[in-house]
Amino acid sequence: MIDLRVEFAGLVLKNPIITASGTFGFGLEFSSFGDLKRLGGIVVKGLSLKPREGNPMPRVAETPCGMLNAIGIQNPGVEAFLRDKLPLLPWRETAIIANMYACTVPEFGELAGVLSGEEGVAALEVNVSCPNVTHGGAVFGQDPTQIRKVTEEVKKRAKGKPVIVKLSPNVTDIALCAQAAEDGGADAVSLINTLLGMAVDIRTRKPTLANVLGGLSGPAIKPVALRCVHQVCRKVSIPVIGIGGIVSAEDALEFILLGAAAVQVGTANFLRPDQSFRIIDDLPRAMIKAHSDSLGELRGSLKLP
Amino acid sequence: MVERNCREVKVREVRFLGTWDEPSDFVELTLDNPGWESYRPGQFAMLRAKHWGLELPWGRPFSISRVDAESVTFFVQVVGRGTSRLARLRPDDVVIIWGPLGNGFSAPPATPTLLLAGGMGIAPFRGYIENHPSPEFLHLLFAHRASIDFYPYLNMSEKVRAESIQERSPDDLPLIIARLEAAMDEYEGGLVLACGPTPFLRTVQAHALKKNIRAEVSLEKTMACGVGACLGCVCKDGQGKHVQVCARGPVFATADVQI
């Protein structure tokens, strides 16, 4: 029996597979497709202080080996999440990570204050990288100084809960952003968020998305994600959570070999809604393929030329 | 409007039971029954052929046309990359399916009910007619563009009162709309159910609201997950709030949705 447990940033997960924000709802939508208690963690849909209606339709488009989205953080607000969703989640068994979206440093602080008072919230993930709302996260995510300030503010209000900063790849040097998060006191960074993209419909001569621009995710971005995780792992000493195009246990191991403590599975949840559970089932077999029975031994063992 | 949970819904891998025909733009897709004991006509399922690989990461939503002990049937019109691949399935190809999803149409017994189908919107009404407790109260009005031979209409018209009307050119539209509205006028106090293209549904909704006729429309949206998570298929409800068509619909009372 291979031990899949991972421990980092004060979190103890039964395996390194976490579902990514925005692709797994509040978890409950998937409870018929697998036992949520089997997941390493669930990052819930991005939460804001007040409910948000999100962007106009259409706001998703399928692209080769991926998809674009410009949902715009539609969510019922943090209070509704705490009241209606969190009590139904198996938070004693599976780490429930709250993804936070805000437009200003004080708002991020307030949101962190609300969420960190909840026993059922295992960690906070700071969305400084959502490219969809023009006045929002993109400003923070592309400026290391802002990343550090937001991290400091959230950390101050986190009441000791681990703070994970989710980084955008839409920058010149993502390692500098990771460094800024570390300097601000982040317990971990997660990367990458979506790559800014666009799709065009030649029949209507319009952008496919009403928002014009959207975030690209899915297997198409995995090479970019691997590169970013590699660069960040070499730069910072805090744990790194790898995200980007993971659809299989093999994909997950690729990120772990680079040094990732855990991974998040996003667009793969749309391939079929039980895909994250299948990846967990498959992990031991993939580890044997990589000639190891220990995630600790595999982690960061990339052989560079 | 009840938000239905899908606790009993599972992902299954099932065989394509069709034969290999020349690919057509209209395909009857029959799969092994994935273990469904019941469904509500108007519900849908997500389909994704196992051999698609990663190029198309999304399943495709289709209204469930009929279910029997052995099989489940969908009608698919080729409109893009996913549907053209589904039209080329070969016998014993494996399809990943999750469903039944969504809410489905009301089926009150002994209520005069008008079924308005536009094109492929006829799909859910096949099972609706087969499962209805009092089919003698049903009336099917089918508006279509392609030849009637492409649709399961003849099979259905044997079971209930039915009429069809073909749009051969855009000039036919005013006549078709007038026929739809006249038919609806006979169902004040009854129920009107509609499934078809968006402009068709808008026409039905406008007339239902104007004449205060109880009506339900089944919406069609591009979907990524089909289970309420991705928020890619939202429409606006009666209050202007975004709601997921997959989880809160696809069937909406005409007063509860903006089309």
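Owing to the predicted nature of the structure, the values given are computational and were not obtained by experimental measurement. (Residues numbered from 1 in each chain as written. Chains lettered and ligands numbered in written order. Predicted model: local features only at pLDDT ≥ 70, side-chain atom pairs only at ≥ 80, totals over all residues. Heavy atoms only, no water.)

(A) Just the overall build of chain B, in detail. Across its full length, chain B holds 6 helices and 16 strands. Taken against the 2.2 N^0.38 rule, which gives 18 Å for 259 residues, the C-alpha radius of gyration of chain B at 18 Å falls within 12% of a compact globule. Projected onto its principal axes, the C-alpha positions of chain B cover 50 × 40 × 35 Å. Pairs at least 24 residues apart make up 64% of the contacts formed inside chain B by residues separated by at least 6 positions. For chain B, the exposed area adds up to about 11,100 Å²; of that, 48% sits on carbon and sulfur atoms. Looking at charge distribution, chain B has the averaged site of its 28 positive side-chain charges lying 7 Å from that of its 30 negative ones. (Helix = DSSP H or I, 4+ residues; strand = E, 2+ residues; numbered from the N terminus. Rg over C-alpha atoms; globule rule 2.2 N^0.38 Å. Contact = heavy atoms within 4.5 Å. Areas by Shrake-Rupley, 256 points an atom, 1.4 Å probe, with all protein chains shown as cover. Lys, Arg positive; Asp, Glu negative; His and termini not counted. Charge placed at Lys NZ, Arg CZ, Asp CG, Glu CD.)

(B) How the structure looks around the sheet that holds strand β7 (residues 94-101) of chain B. Residues and elements named next belong to chain B. Pairing within the open sheet is antiparallel, and its 4 strands lie in the order β1-β7-β3-β4. Because the sheet does not close on itself, it has two edges, and the strands there are β1 (10-15) and β4 (60-63). If you compare each strand with its neighbour and ignore which way they point, the axes differ by 35° on average. Two strands pair when backbone bridges link them, and strand β3 (residues 44-49) and β7 are joined in this way by 5 bridges, in the antiparallel orientation. In the strand pairing of β7, Ala49 is matched with Val95. (Pairing = 2+ DSSP bridges. Axes fitted to C-alpha atoms, helices over the stretch in contact; angles between N-to-C directions.)

(C) Geometry of the interface of chain B and chain A. Taken together, the contacts link 32 residues of chain B with 32 residues of chain A. Where chain B touches chain A, the interface holds 3 salt bridges. The closest approach of N and O atoms between B:Glu13 and A:Arg272, which form a salt bridge, is 2.8 Å. Of all the elements in the fold, those that place two or more residues in the side of chain B that touches chain A are β1 and β7 of chain B. (Salt bridge = Lys/Arg side-chain N within 4 Å of Asp/Glu carboxyl O.)

(D) Representation of unusual backbone geometry within the structure. Residues and elements named next belong to chain A. Omega for the bond connecting Met57 with Pro58 falls within 30 degrees of zero, at -10°, which places this linkage in the cis form. If you trace the backbone, Pro58 turns up in the loop between β4 (41-43) and β5 (60-63). Looking along the chain, the bond that leaves Leu191 and enters Ile192 is cis, with omega of 10°. Note that Ile192 resides in the loop between β10 (188-191) and β11 (195-198). Despite not being glycine, Cys65 shows a phi value in the positive range, around 55°. Inspection of the secondary structure puts Cys65 in the loop between β5 and β6 (66-69). Overall, Cys65 belongs to the partly exposed group, its relative accessible area being 26%. Phi is positive for Lys159, which is not a glycine, with a value near 50°. (Buried < 20%, exposed > 50% of the residue type's maximum accessible area, 1.4 Å probe, protein only.)

(E) View of the pairing of strand β14 (residues 213-217) of chain A. Residue and element names in this part refer to chain A. Two elements, β6 and β14, share 3 bridges in a ladder whose sense is antiparallel. Among the inter-strand pairings, Leu68 is bridged to a residue of β14, identified as Leu216. In this sheet, β14 lies alongside β11 in antiparallel orientation, the contact comprising 4 bridges. Within β14, the position partnered with Gly197 by the bridge is Gly214.

(F) Focus on the packing of helix α5 (residues 174-183) of chain A against helix α6 (residues 222-235) of chain A. Residue and element names in this part refer to chain A. The contact between α5 and α6 brings their axes to 9 Å, and the two run at 45°. Between α5 and α6, the angle falls in the class oblique. Pair α5 / α6 crosses with right-handed handedness. Here Ile174, Ala175, Leu176, Ala178 and Gln179 of α5 come into contact with α6, specifically with Arg227, Cys228, Gln231, Val232 and Lys235. (Parallel < 35°, antiparallel > 145°, perpendicular 65-115°, else oblique. Left-handed = near helix turned anticlockwise from the far one by under 90°.)

(G) Highlighting the packing of aromatic side chains. Enumeration according to the criterion identifies 11 aromatic pairs over all chains in this entry. Joined through ring pairs, the aromatic side chains of B:Phe26, B:Phe142, B:Phe150, B:Tyr151 and B:Tyr153 make up one cluster. (Phe/Tyr/Trp six-rings, centres within 6.5 Å; stacked < 30°, edge-to-face > 60°.)

(H) Main features of the sheet that holds β14(A). All names here are of chain A. Spatially, β5-β6-β14-β11 is the arrangement adopted by the 4 strands of the open sheet, whose pairing is antiparallel. The sheet terminates laterally at β5 and β11, the two strands that pair on one side only. Each strand of the sheet is rotated relative to its neighbour by a mean of 35°, with strand direction disregarded.

So, to be careful, I would describe these as geometric facts and stop short of saying anything about function.
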